[in-house]
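Chain by chain, the residues:
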Amino acid sequence: MLRKLETFIIITFFILAMSTLASAQGLDAFKGKSGNIEIGGGTAHIPVMKEAAKRIMTTNPAIRITVAGGGSGVGVQKAGEGLVDIGNTGRAVTEAEKSKYGLVSFPFAIDGVAVVVHKANPLHGLTQTQVKDIFAGKITNWKQLGGPNAAIDVYTRDEASGTREVFWEKMLSKGAIIDSANVVASNGAMKTAVAGDKNAIGYVSIGHIDDTLKAPLLDGVEPSQETAVSGAYKVTRLLYMNTKGEPQGLVKSFIEYVRGPEGAEITKASGYIPTK
Amino acid sequence: MERITRGLLLLSALVAGLAVLAILGFLVWFSLPLLCGEGLTQVLSWRWRPFQGEFGILPMLVGSLCLSTTSMAVALPMGLGLCCFAHGVGPRKPAALVMGVVRFMTSVPTVVYGFVAVFLLVPLVRAAFVSGSGFSWLAASLTLSLLVLPTVVLMLHAQFELIEPRVRLTTAALGLTRAQAVRYVVLPAAQRGLLAASALGFGRAVGDTLVPLMLAGNAPQVPGSLLDATRTLTAHIALVVATDSQSTAYLSLFACGLILFVTSVAVNLTLRSLNRSDGGRA
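Residues numbered from 1 in each chain as written. Chains lettered and ligands numbered in written order. Predicted model: local features only at pLDDT ≥ 70, side-chain atom pairs only at ≥ 80, totals over all residues. Heavy atoms only, no water.

1. Concerning helix 10 (residues 261-269) of chain A
Residues three or four positions apart in an α-helix share a direction because the helix packs 3.6 residues into each turn.
Residue and element names in this part refer to chain A.
Thinking step 1. When we look at burial in helix 10, the residues that qualify are E262, G263, I266 and T267. The arc that holds every buried residue of helix 10, seen down its axis, measures 145 degrees, which confines them to one face. The outward face of helix 10, more than 90 degrees from its buried face, is lined by the exposed residues P261, K268 and A269.
Thinking step 2. A positive phi of about 95 degrees marks G271, the residue just after helix 10. (Buried < 20%, exposed > 50% of the residue type's maximum accessible area, 1.4 Å probe, protein only. Helix = DSSP H or I, 4+ residues; strand = E, 2+ residues; numbered from the N terminus. Arc of directions from axis to C-beta.)

Here you go:
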């Protein structure tokens, strides 16, 4: 037992040592450089961008990085018109946008979206068809799914939400969402609402699932970072950074940093899955 | 010296006036593409389904009106009661306490009301009425009435303070108690104050964003009952503002802004005219 513990501690130290080494290398690229990077667009990216910016700016005070939101559409437009250096999108840039602005895309994370219910909900799994019917308002009582006799409270996100977009496209196959569904403004608000409502059903980014919520199996597949990576769980999307033309200098270093080992670690800590 | 002061005041008045006009111009300019031709019928319709190309904001307009009306229906009698209590119906010490609490309420940030209500009021509503998620017209309306209550009370209070000294000797000479004086003399004379308080409170209720955003459920529908979710114009703007700035959905926000602007101007003009005629009488 003691032996095992010892090995465990040694291995942990080893990993820690490795990771500090790696992070030092990641930030080395910025040594002695100065300038500004402006970032805007997709809001899902913000935690990753902010943490990366913070780490770079604390070790290199001559570099200034500003991070703003605005949504994927804004990301494309601002990057295309040269108003920001990096425009973030939670979707692939369309061919039209690519040819109009000459954008180059850099995916750095996989984000999955999962259906969530109250943790006391007895249901273990749902099929995609059932989810579609619930959100379309065809199934309105948990009894119809083998649950208790109670009306289903449907929660959804606003139209600006990238989470809604991927859920709508890949889970609902662009099907209808009933007008009477409650609309909440963020992943956090969705968590609060569903965690407090016994009859709720909603959806969040996989990174936001914790033990305050229950994520039922979808067609027998558990929504998790692992199944999203393996491809078993289908409701996923990529998060992209986009630049007008090939990135140069500081912007190039930033993108490499986010897509590098330390960036991957930040991405993971933010609840997303780094792309390989 | 006086000339400089007068000039400065004139200048700041001019700047403030121009700013308001500029806002109006800005809103009109941006909603112009919608306001002429096909856009208008698109925006003035009952369905908000941006992915299907439907951009109606009428449900939100109705939602705003419903919510502010019911909020005032609760806040106004309550405010009136509190004010009468503080001005002679109630004993002196609790009366002072009531006014103190009301003054304190003005300093509570809106988000605190919203946040507390999400965890206390919403589950209560959900449990009390079996249907619905609790995020409803009712929950938002109750919280909103709490929010506008100080506005109502303080407006009325100011009005009472104006009237009371004038009638004090007379009512005392007639042998009326303070409570009777409030009931038979001050209250009838404060009618215009009551109107002003309701107009101001209504404007505040229409304009508030956070309470409906956090509590009303934001479903873009005309609520069928107090337990249904509804969306106000302000919450609508907050929810949609992050979309692509080229889309019709985004442009329709300027129409929402224009409606809100016109509402607040109307409320202020009403107040103005009330004050003027009141000044003539007093």
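Right, picking up where we left off after that structure.
2. A closer look at unusual backbone geometry
Residue and element names in this part refer to chain A.
Thinking step 1. In this model, S173 sits at a positive phi of 50 degrees, which is unusual for a non-glycine residue.
Thinking step 2. Structurally, S173 can be placed in the loop between helix 6 (162-171) and strand 7 (182-184).
Thinking step 3. Judged by its relative accessible area of 41%, S173 falls in the partly exposed class.
Thinking step 4. Not every positive phi belongs to a glycine, and D219 is a case in point at roughly 50 degrees.

3. Section: the packing of helix 2 (residues 46-59) of chain A against helix 9 (residues 249-259) of chain A
Residues and elements named next belong to chain A.
Thinking step 1. For the pair helix 2 and helix 9, the least separation of the axes is 11 Å and the interaxial angle reads 115 degrees. Classed by the angle they form, the pair helix 2 and helix 9 counts as roughly perpendicular. In this structure, helix 2 meets helix 9 at a crossing whose hand is right-handed. Contacts from V48, M49, A52, A53, R55 and I56 in helix 2 reach F254, Y257 and V258 in helix 9.
Thinking step 2. Among the residues forming the contact of helix 2 with helix 9, the class breakdown is 8 nonpolar, no polar and 1 charged. (Axes fitted to C-alpha atoms, helices over the stretch in contact; angles between N-to-C directions. Parallel < 35°, antiparallel > 145°, perpendicular 65-115°, else oblique. Left-handed = near helix turned anticlockwise from the far one by under 90°. Contact = heavy atoms within 4.5 Å. Nonpolar A, V, L, I, M, F, W, Y, C, P; charged D, E, K, R; others polar.)

4. Structural notes on the packing of aromatic side chains
Thinking step 1. For the structure on display, the rule yields 11 aromatic pairs over all chains.
Thinking step 2. Between F135(A) and Y203(A), the aromatic rings sit 5.9 Å apart at their centres with planes inclined by 55 degrees, giving tilted as the arrangement. You can see F135(A) sitting in helix 5 (residues 128-136) and its partner Y203(A) sitting in strand 8 (residues 200-205), a full 68 residues away along the chain. Both residues of the pair, F135(A) and Y203(A), count as buried.
Thinking step 3. Between F26(B) and F30(B), the ring centres sit 4.7 Å apart and the planes meet at 55 degrees, which makes this aromatic pair tilted. One end of the pair, F26(B), and the other, F30(B), are both in helix 1 (residues 2-35), 4 residues apart, so they sit about a helical turn from each other.
Thinking step 4. Among the aromatic residues, ring-to-ring pairing joins F26(B), F30(B), Y250(B) and F254(B) into one connected group. (Phe/Tyr/Trp six-rings, centres within 6.5 Å; stacked < 30°, edge-to-face > 60°.)

5. Thoughts on the interface of chain A and chain B
Many structure descriptions define interface size as the accessible area lost when the parts assemble.
Thinking step 1. Taken together, the 22 residues of chain A in the interface contact 24 residues of chain B.
Thinking step 2. Both sides together, the interface formed by chain A and chain B hides about 1,900 Å², and carbon and sulfur atoms give 54% of it.
Thinking step 3. For the chain A face of the interface with chain B, the top three residues by lost area are E159(A), D179(A) and V183(A), together amounting to 32%.
Thinking step 4. Where chain A meets chain B, there are 2 salt bridges.
Thinking step 5. Linking chain A with chain B are 7 residue pairs in polar contact (both at pLDDT 80 or more).
Thinking step 6. Among the elements of the structure, helix 3 (72-80), strand 6 (153-157), helix 6, strand 7 and helix 7 (187-196) of chain A are those that each provide at least two residues to the side of chain A that touches chain B. (Buried area = accessible area lost by both parts, 1.4 Å probe. Salt bridge = Lys/Arg side-chain N within 4 Å of Asp/Glu carboxyl O. Polar contact = N/O pair within 3.5 Å; in protein donor to acceptor, adjacent residues only side chain to side chain.)

6. As for the packing of helix 4 (residues 92-106) of chain B against helix 7 (residues 137-173) of chain B
Residues and elements named next belong to chain B.
Thinking step 1. At a minimum axis separation of 9 Å, helix 4 and helix 7 run at an interaxial angle of 125 degrees. Classed by the angle they form, the pair helix 4 and helix 7 counts as oblique. In this structure, helix 4 crosses over helix 7, and the sense of that crossing is left-handed. Residue-level inspection shows M99, V102, R103, M105 and T106 of helix 4 in contact with helix 7, the latter providing L146, L149, P150, V153, L154 and H157.
Thinking step 2. Taken together, the residues of the contact of helix 4 with helix 7 break down into 8 nonpolar, 2 polar and 1 charged.

7. Structural notes on the pattern of salt bridges
Thinking step 1. Taken as a whole and assessed by the stated rule, the structure comprises 15 salt bridges over all chains.
Thinking step 2. Its salt-bridge partner being E51(A), residue R55(A) comes within 2.9 Å of it at the nearest N-O pair. With R55(A) and E51(A) both in helix 2 and 4 residues apart, this pair spans about one turn of that helix.
Thinking step 3. Since its relative accessible area comes to 23%, E51(A) is described here as partly exposed.
Thinking step 4. R49(B) is the partner of D179(A) in a salt bridge, and the nearest nitrogen-oxygen pair spans 3.2 Å. One end of the pair, D179(A), is in the loop between helix 6 and strand 7; the other, R49(B), is in strand 1 (residues 48-49), on a second chain.
Thinking step 5. Each of E51(A), K54(A), R55(A), E262(A) and E265(A) takes part in salt bridges that share partners, so that together they form one network.

8. Notes on the nonpolar core
Thinking step 1. Ranked by internal contacts, the top residues of the largest apolar core, which has 52 residues, are Y155(A), M190(A), V194(A), V125(B), L144(B), F160(B) and L215(B).
Thinking step 2. Of all the elements, helix 7 of chain B adds the most residues to this core, at 14 residues.
Thinking step 3. Non-local contacts of L144(B), meaning those with residues more than four positions away in its chain, are made with L67(B), S71(B), A205(B), D208(B) and V211(B).
Thinking step 4. Of all hydrophobic cores here, the second largest spans 29 residues; its members include A114(A), I139(A), W168(A) and L172(A). (Core = buried A, V, L, I, M, F, W, Y, C linked by side-chain atoms within 4.5 Å.)

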